[in-house]
Structures are given as structure tokens and as C-alpha cells.
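# Working through the structure, step by step
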Amino acid sequence: MRRLLERLFQSAHGLVNKHKALSPLGTALQALDAFFFLKPELPAAPPFVRDPLDLKRFMIMVVLALMPATVASIYFFGWRSVAVIAVSYVFGVGTEWLFAYARKEEIHEGAFVTCLIFPLILPPTIPLWTVAVGIVFATVFAKEAFGGTGRNIFNVAMIGRLFLAVAFPATMTTRWQEPFTSGLGGFARWSADVVTGATPLISYKATHSLTGLRDLFVGTVAGSLGETSALLILLGGAFLVATKVANWRLPVGYLGAMALFSAIGSSLWPEKFAPPLFQLLAGGAMFGAMFMLTDPVTCCFTKVGKWIYAVAAGIITVLIRSLSGYVEGVMFAIIFMNTFAPLIDHLILMAKYREAASE
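What comes next is a walk through the structure. For every chain, the first residue of its written sequence is number 1, and the numbers climb from 1 along that sequence. Local features in a predicted model are, by the rule used here, given only for residues with pLDDT of at least 70; side-chain atom pairs are given and counted only at 80 or more, and totals for whole chains, interfaces and linings are based on all residues. Only hydrogens and water are set aside when side-chain values are computed; all heavy atoms of the structure are taken into account.

### What about the side chain of Arg161?
The test is simple: Think of it this way: any DSSP run of H or I at least four residues long counts as a helix, any run of E at least two long counts as a strand, and we number them from the N terminus. Only protein chains enter the accessibility calculation, which uses a 1.4 Å probe; a residue whose area is less than 20% of its type maximum is buried, one above 50% is exposed, and one in between is partly exposed. This count recognises Lys and Arg as positive and Asp and Glu as negative, with His and chain-terminal groups excluded. Throughout this description, the term salt bridge denotes a Lys or Arg side-chain nitrogen within 4 Å of a carboxyl oxygen of Asp or Glu. Residues count as neighbours in contact if any of their non-hydrogen atoms are within 4.5 Å of one another.
In this structure, Arg161 sits in helix α7 (residues 156–167). Notably, Arg161 is buried but unbridged: the nearest opposite-charge side chain belongs to Glu227, and the N-O separation is 5.0 Å. For Arg161, the contacting residues outside a window of four places in its chain are Phe118, Ile121, Leu122, Met172, Trp176, Ser224 and Met331.

See the structure below:
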């Protein structure tokens, strides 16, 4: 299979090089070639630095870690999930390709990760055209406007979701799909017939009713496509931590702060703060901790900074969920802390240099 694919890519490269009219496709072809085959880029002269985790492998690891949640989205919500993901890839990579072609650059592999994360944080019933609008907005205004991959300040997928939440609030908050929970589940269906208006967080906000922890852990609840199963998200997150793609301080600090702060809050003001385990398993907390907060571009790079960044995001998430009119706080907390990540690192480095100079 690999040889067949390599021959197909070689033939495609030959066609692009032979026909000038196909040259605009060269950028996209190079990106796909590098993404699938991980061809090493060897320097022509020393120094030769051997790094087992380059950008391409980094992105591959994240895509692999997202696979359990992606498969779960099909089982719980049907094959329409694949259509949502496909639309995200077509319009997200297409937009990235336009900018890469205009700048005469290659498409960076980050687009393949963003275009998978973005649909997994959307409602299952979202119209496909809305997915296209969201990923195009996120790619243009959260990534390309800052210069492309590695230069963005905010998490790109989160900005896309925030834009859709503001522009289409009814679509993003009122129509949730009941998951399939028996037999082949969504593997035998296109989408569910039953639509509900409540996720576990919405139900708690409205009636203070708590969804069972087992359902939250397994994922048999209404919610965004890839955010319902804490079990499978943890599996992907553990893979990222084990392969050192994600720094363990970020999810541990974030989830630990959420648990501790919600425990204190629920003991003092039980009518406002939900219990710790419910806070951790419901909504997008687990997905945000494993796949959004650990974004190496938008988080702090110092060790102390990572702790501060993660703990602050966890506290803000609980505060927004408990004391504001919004039921979910993960999106706002991560974007808010993205803003302060460079300042946190700057202050920590300033303190370290000042301490070293005084010795």
C-alpha cells in the first residue's frame, strides 16, 4: 500500500512539474507528501542535530491521539460526523493553501491538526456550511493574519468556535443530538433522529440535576462531537504525554485546579458550584485539557509559567461555569490565558535573570 501511494505521489509530482497550469497544486501536494511519508529534511552541511520529534512527527502524534475521540464521534452521532470533519478539511486546508500559494510557501502540517480538532468541538447537528464559515474565519483571522503556523497568539480552533458561538448562538447552544448507545450505534446510521436541547452542563445550570458520572466517563451523553467520552479523550491525552508531545504540567495543573476550586466552591456555595468530578467530566474540560491547553504555540514555554497558565485557566473555567450566564467556560478560559502566556513567561525570565545577576 505504501509503495502504491508513493508511486501515486511521484506521478502527481511529475504531472505538476510537467504542466505549468498545475503548478498551484504543488504546494498542497508537497504538504500531503510530507504528512503521509515523513520524508526527512537533511541539511547539506553541519551541524547535524538529531531530534527525534520534528514538527511533522509532532503533528502525526496529535492526529493519532485524536483518533479515539474521532471514532467515538461516529459511534455516538453517526456518519454525519465524517461529513463535518471532511468539510473542515476541505475549507481549512483550502484556505491555508491559498495563503501558502500567495506567499510562495509550503502548507504547514498544523493545518491537518486544526482541521480535525475544530469539528470535534462542534455540535453534531451543526449545518455543514457553518462548519466551512468557522474554519475559514479561524484560519484567516487566528492564523494567517499573524503570519501562519507558529506565529498565532490564540488557539486557532478555539477562535473558530468562539466566532460561531457569537455569530450563530442558536445553532451552537440549543440543538444537541442524543447519542446512540446500543448495538452498532452510529456506525449503522447517518445521524440521530432525536434532538434534545440540553447537555449535562445545560441541565445542571437550569435544574441543578447531575448527569451520572458513568455516562459522562463513557460518553453516552449529549455534547460536542469529540468531547463526550472522557475515557477516550484521556486515552489520547495519555498517549501525547507518554510520547512527550504534550507537557504533563498543563493537563495536571488545569484539571487539578478545577477539582480543588470546585470542591471548595461546592462546599461553600453548593447552589452555584457543581461537584468536582462533574466539573471534570462534563462539557469540554477534558478535551480542552488534553488537546487545546497543550498547544505548544499558544501556551507558556517555561515550567513555572505552564503551572501558572494551567491553574489560572482551571480556576477561570470553574468561575465562568458557576457564576456567569454561560454554561461552558473552557473556551473563554483558554483564549483568555492565551493572551497572558507571553507576559507570564516574560515575568518569570525577568525574575530568573535578576536573581542570577544578584548572585
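### A look at helix α16 (residues 330–358)
What counts here: The length a helix should cover is 1.5 Å for every residue beyond the first. Axes are fitted to the seven residues ending at a residue and to the seven starting at it; the angle between these axes is taken as the bend at that residue.
When the terminal C-alpha atoms of α16 are compared, their 40 Å separation across 29 residues agrees well with the 42 Å that a helix rising 1.5 Å per residue should span. Along α16, the largest kink reaches about 40° and is centred on Phe340; proline Pro342 follows within four residues of it. Taken residue by residue, α16 has Val330, Met331, Ala333, Ile334, Ile335, Met337, Asn338, Ala341, Ile344, Asp345 and Ile348 as its buried positions. In this fold, the buried residues of α16 make contact with α7, α12 (249–268), α14 (285–292) and α15 (303–323).

### A closer look at the layout of surface pockets
What counts, and what does not: Here a cavity denotes grid points, spaced 1 Å and computed from the protein atoms alone, that fit a 1.4 Å probe unable to get out, and a pocket denotes an open set having protein on both sides within 12 Å along at least 5 of 7 lines; residues with an atom within 4 Å of a point are the lining. Grid points are joined across faces, edges and corners, and a volume is the space filled by probe spheres set on the points. In the scheme used here, Gly and all other residues not listed as nonpolar or charged are polar, with Ala, Val, Leu, Ile, Met, Phe, Trp, Tyr, Cys and Pro taken as nonpolar and Asp, Glu, Lys and Arg as charged.
Estimated volume of the largest pocket: approximately 540 Å³. Lining of the largest pocket is provided by 30 residues; of these, Arg161, Met172, Trp176, Val327 and Glu328 occupy positions nearest its centre. For the lining of the largest pocket, the secondary structure elements donating two or more residues are α7, α8 (169–173), α9 (200–207) and α16. Top element by residues in the lining of the largest pocket is α7. It accounts for five residues. Taken together, the residues of the lining of the largest pocket sort by class into 19 nonpolar, eight polar and three charged.

### Looking at the packing of aromatic side chains
Inclusion rule: For this analysis, a ring pair means two rings from Phe, Tyr or Trp (six-membered ring only for Trp) whose centres lie within 6.5 Å, classed as stacked if their planes differ by under 30 degrees, edge-to-face if by over 60, and tilted for the remaining angles.
Going through the model one piece at a time under the given rule, you end up with 15 aromatic pairs. Here the aromatic rings of Trp129 and Phe168 are separated by 5.4 Å at their centres, their planes lie at 90°, and the arrangement is edge-to-face. Separated by 39 residues along the polypeptide, Trp129 in helix α6 (residues 128–143) and Phe168 in the loop between α7 and α8 bring together distant segments of the chain. A ring pair is formed by Tyr204 and Phe278, whose centres lie 5.5 Å apart and whose planes are at 40°; its orientation type is tilted. Of this pair, Tyr204 sits in helix α9 while Phe278 sits in helix α13 (residues 276–281); the two residues are 74 residues apart in sequence, bridging distant segments of the chain. Look at Tyr204 and you get buried, because its relative accessible area is 10%. A relative accessible area of 2% places Phe278 in the buried class.

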